[in-house]
Amino acid sequence: MIAEETLVHELKDKETQAKAFEVLVNTYKERLYWHIRRIVLKHDDADDVLQNTFIKVYKSIEKFKGESKLYSWMYRIATNESLTFLKQKQKKAGISNQEMQEHLLSRLESDVYFDGDEIQLKLQRALATLPEKQKLVFNMKYFQEMKYDDIAEVLETSVGGLKASYHLAVKKIETYLRAD
Amino acid sequence: MKKNHKNKFKTPEGYFDNFNERLIDKIIKEDSLIPKGDGFAVPKDYFESFNTKISNKVNQEQPRVIHLKPYKKYYYAAASIAAILLFSFWFSQYNQTQLGFDDLASAELDAYFEKTDLDFSSYELAEVINLDEVSILDITEIDNIQESKMILEYLDDNIDEIEDLNLDYDEFE
């Protein structure tokens, strides 16, 4: 695998940019897709946001100073793009955040790209009740199995706070799933 | 034979630092009633075709950036030409609508002077009238030399300073 520093250098060089961008897309497309998909839920929306994320990365690679890992920087862009996408959609529809979550869940049931059973649908309902940060931390830790250090870099927060958020999210989800 | 007891295997940096923590998280996950998968799926060959899709999009975005600049130049040039034409048009219209003294009919001037009490003093009139082009005969309605001599005699007797008349010397020679 190509070293991150080399990849960044090649992305900034006009001569090698196209080839390096292909490597970048191949390396991160799946990981970023699943991260985005768990925020926006619908496949078509996730596809739009993923494309926007890569375009943004391509356009702003000059601004990347290497203060954080390229991987965390891209995750941060993907997170911001996803949340902005949902907020714009919510604003356009003139509905509250809660109404937006309900709308996303109702669409999920009829989504052809959702194979989830009753318990998985219930999990999504439980996640919709969580504060934004807890939901992000849970998805990154539980499903993507990211390290706390990496999550902390993406969300620009402390590892201690993240651990607390994660365990709290797990407890809340379990309580929700046990109910009924 | 001497045995080499040195371990030749390597682990990733920091592997053992968080081992306990990762193990606990794994046990929690195993025992949890939270499902291991979330049920999301993607269309067939989605990831395989994604590269082509994103490359096309990036290439589409690029010319837009490059081609915008020349258009911008044309917009500025067109705007400048339009501004010049507009100003020229306005200026010519403005000049046409500016009426000069020559545009006034002489009848209107005569009517104005007759009806308006201008109340000029003789000094003010002397300041305004260009005497280089006016002979004394133009303002005195005299038609013979005899009358002219009488006027000059009158002026000699009644005017102390000839400069008070604001006349050039050759006017009364």
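Position numbers for residues count from 1 along each chain, tracking the sequence in the order it is written. To label them, take the chains in the order written and letter them from A, then take the ligands in the order written and number them from 1. Totals for whole chains, interfaces and linings use all residues, but because this is a predicted model, local features are given only for residues with pLDDT of at least 70 and pairs of side-chain atoms are given and counted only at 80 or more. With hydrogens and water set aside, each side-chain value is computed from the structure's full complement of heavy atoms.

1. Considerations on the overall build of chain B
Now for step 1: Only DSSP runs of H or I reaching four residues or more are called helices, and only runs of E reaching two or more are called strands; each is numbered from the N terminus. Helices and strands together make up the secondary structure of chain B, namely six helices and zero strands.
Now for step 2: Overall, chain B shows an N-to-C arrangement of helices and strands of α-α-α-α-α-α.
Now for step 3: The method behind every accessible area is Shrake-Rupley, applied with a 1.4 Å probe, and residues are considered shielded solely by the protein chains displayed. Carbon together with sulfur atoms contributes 57% to the accessible area of chain B, which is approximately 15500 Å² in total.

2. Comments concerning the overall build of chain A
Now for step 1: If you tally the helices and strands in chain A, you get nine helices and zero strands.
Now for step 2: Counting from the amino terminus, helix and strand elements in chain A follow one another as α-α-α-α-α-α-α-α-α.
Now for step 3: Looking at chain A as a whole, 52% of its 180 residues qualify as buried.
Now for step 4: Throughout, a contact is declared for two residues whenever any of their heavy atoms are within 4.5 Å. Excluding contacts between residues fewer than 6 apart, the proportion of contacts in chain A whose partners are at least 24 apart in sequence is 59%.
Now for step 5: If you sum the accessible surface of chain A, you get close to 9100 Å²; carbon and sulfur atoms cover 49% of it. The cut-offs for exposure are 20% and 50% of the maximum accessible area for each residue type, with area from a 1.4 Å probe on protein chains only; residues under the lower value are buried, those over the upper are exposed, and the others partly exposed.

3. Brief notes about the side chain of K135 of chain A
Now for step 1: Relative to the helices and strands, K135 of chain A resides in helix α7 (residues 132-143).
Now for step 2: Discounting chain neighbours no more than four positions away, the residues touching K135 of chain A are Q101, L127, A128 and L130 of chain A.

4. Some thoughts on the interface of chain A and chain B
Now for step 1: In this complex, chain A contributes 45 residues to the contact, which on the side of chain B involves 28 residues.
Now for step 2: Accessible area, probed at 1.4 Å, shrinks when two parts are joined; the buried area is that loss added up over both. Roughly 3400 Å² is buried in total at the junction of chain A and chain B, and carbon and sulfur atoms are behind 63% of that figure.
Now for step 3: For the salt bridge of D47 of chain A with K53 of chain B, the shortest nitrogen-to-oxygen distance reads 2.9 Å.
Now for step 4: Whenever a nitrogen or oxygen atom comes within 3.5 Å of another N or O atom, the pair is scored as a polar contact, on the condition that within protein one atom can donate a hydrogen and the other can accept it, and that pairs from neighbouring residues in sequence are kept only if both atoms are in side chains. For the pair chain A and chain B, the interface holds 15 residue pairs in polar contact (both at pLDDT 80 or more).
Now for step 5: Sorting the residues of the side of chain A that touches chain B by element identifies α2 (17-40), α3 (43-60), α6 (118-128), α7, α8 (148-155) and α9 (159-178) of chain A as the ones contributing at least two each.
Now for step 6: At 11 residues, the largest contribution of residues to the side of chain A that touches chain B is made by α2 of chain A. What makes a salt bridge here is a side-chain nitrogen of Lys or Arg within 4 Å of a carboxyl oxygen of Asp or Glu, nothing more.

5. Focus on the packing of aromatic side chains
Now for step 1: Each aromatic pair joins two rings of Phe, Tyr and Trp (for Trp, the six-membered one) with centres within 6.5 Å, and gets the label stacked for planes under 30 degrees apart, edge-to-face for over 60, and tilted for any other angle. In this structure the tally under the stated criterion is 19 aromatic pairs over all chains.
Now for step 2: Here F64 of chain A and W73 of chain A contribute two aromatic rings whose centre-to-centre distance is 4.8 Å and whose plane-to-plane angle is 45 degrees, an arrangement assigned as tilted.
Now for step 3: F64 of chain A sits in the buried class, given a relative accessible area of 5%.
Now for step 4: The class of W73 of chain A is buried, set by a relative accessible area of 13%.
Now for step 5: Counting every residue linked through ring pairs, the aromatic cluster contains F21, Y33, W34, F54 and Y58 of chain A together with Y46, F47 and F50 of chain B.
Now for step 6: The ring of Y148 of chain A carries K141 of chain A above its face, with NZ or CZ at 4.3 Å from the centroid. Any Lys NZ or Arg CZ found within 6 Å of a ring centre and within 35 degrees of that ring's normal is scored as a charge over the ring.

6. Overview of the nonpolar core
Now for step 1: Counting residues in hydrophobic clusters, the biggest one holds 68 residues, and the most contacted among them are F21, L24, F54, L70, M74, F138 and I173 of chain A.
Now for step 2: By residue number, the principal contributor to this core is α2 of chain A, which donates 11 residues.
Now for step 3: When near neighbours in sequence (up to four residues on either side) are disregarded, F54 of chain A contacts F21, L24, V25, Y28, K29, L32 and M74 of chain A together with F50 and I54 of chain B. Side-chain atoms within 4.5 Å link the members of a nonpolar core, which is a set of buried Ala, Val, Leu, Ile, Met, Phe, Trp, Tyr and Cys residues.

7. Points about unusual backbone geometry
Residue and element names in this part refer to chain A.
Now for step 1: Although it is not a glycine, E145 sits at a positive phi angle of roughly 50 degrees.
Now for step 2: Note on placement: E145 falls in the loop between α7 and α8.
Now for step 3: Despite not being glycine, E156 has its phi angle at roughly 50 degrees, a positive value.
Now for step 4: Positionally, E156 belongs in the loop between α8 and α9.

8. Side note on the pattern of salt bridges
All names here are of chain A.
Now for step 1: In this structure the tally under the stated criterion is 10 salt bridges over all chains.
Now for step 2: Among the salt bridges present, the one from R107 reaches D45, with a minimum N-O distance of 2.8 Å. Taken together, the positions of R107 in helix α5 (residues 97-109) and D45 in helix α3 put the pair 62 residues apart, joining distant regions of the chain.
Now for step 3: D45 gets classed as buried once you look at its relative accessible area, which sits at 7%.
Now for step 4: Residues joined by salt bridges that share partners form a network here, namely D45, K89 and R107.

9. Quick notes on the packing of α9 of chain A against helix α1 (residues 19-31) of chain B
Now for step 1: For the pair α9 of chain A and α1 of chain B, interaxial distance at closest approach is 12 Å and the crossing angle is 15 degrees. Comparing their axes, α1 of chain B and α9 of chain A come out roughly parallel. Where α9 of chain A crosses over α1 of chain B, the handedness of that crossing is left-handed. Contact residues: K163, Y166, H167 and V170 of chain A in α9 of chain A; E21, D25 and I28 of chain B in α1 of chain B.
Now for step 2: In terms of residue class, the contact of α9 of chain A with α1 of chain B is made up of three nonpolar, one polar and three charged. Interaxial angle, 0 to 180 degrees, is taken between N-to-C directions of lines fitted to C-alpha atoms, where a helix line uses only the stretch in contact. Angular relationships are summarised with four words: roughly parallel below 35 degrees, roughly antiparallel beyond 145, roughly perpendicular across 65 to 115, and oblique for the angles in between. The sense of a crossing depends on the near helix, which, turned anticlockwise from the far helix by less than a right angle, makes the crossing left-handed and, turned clockwise, makes it right-handed. Under the scheme applied, nonpolar residues are Ala, Val, Leu, Ile, Met, Phe, Trp, Tyr, Cys and Pro; charged residues are Asp, Glu, Lys and Arg; polar residues are all the others, including Gly.

10. A closer look at the packing of α6 of chain A against α9 of chain A
The axes of two packed helices give the description: the angle between them and the distance between them.
All names here are of chain A.
Now for step 1: Orientation of α6 relative to α9, taken along the N-to-C sense of each, is 130 degrees, at an axis distance of 9 Å. It follows from the interaxial angle that α6 and α9 lie oblique. For the pair α6 and α9, the sense of crossing is right-handed. Counting all contacts with α6, which are made through I119, K122, L123, R125, A126 and L127, the residues of α9 involved are I173, Y176 and L177.

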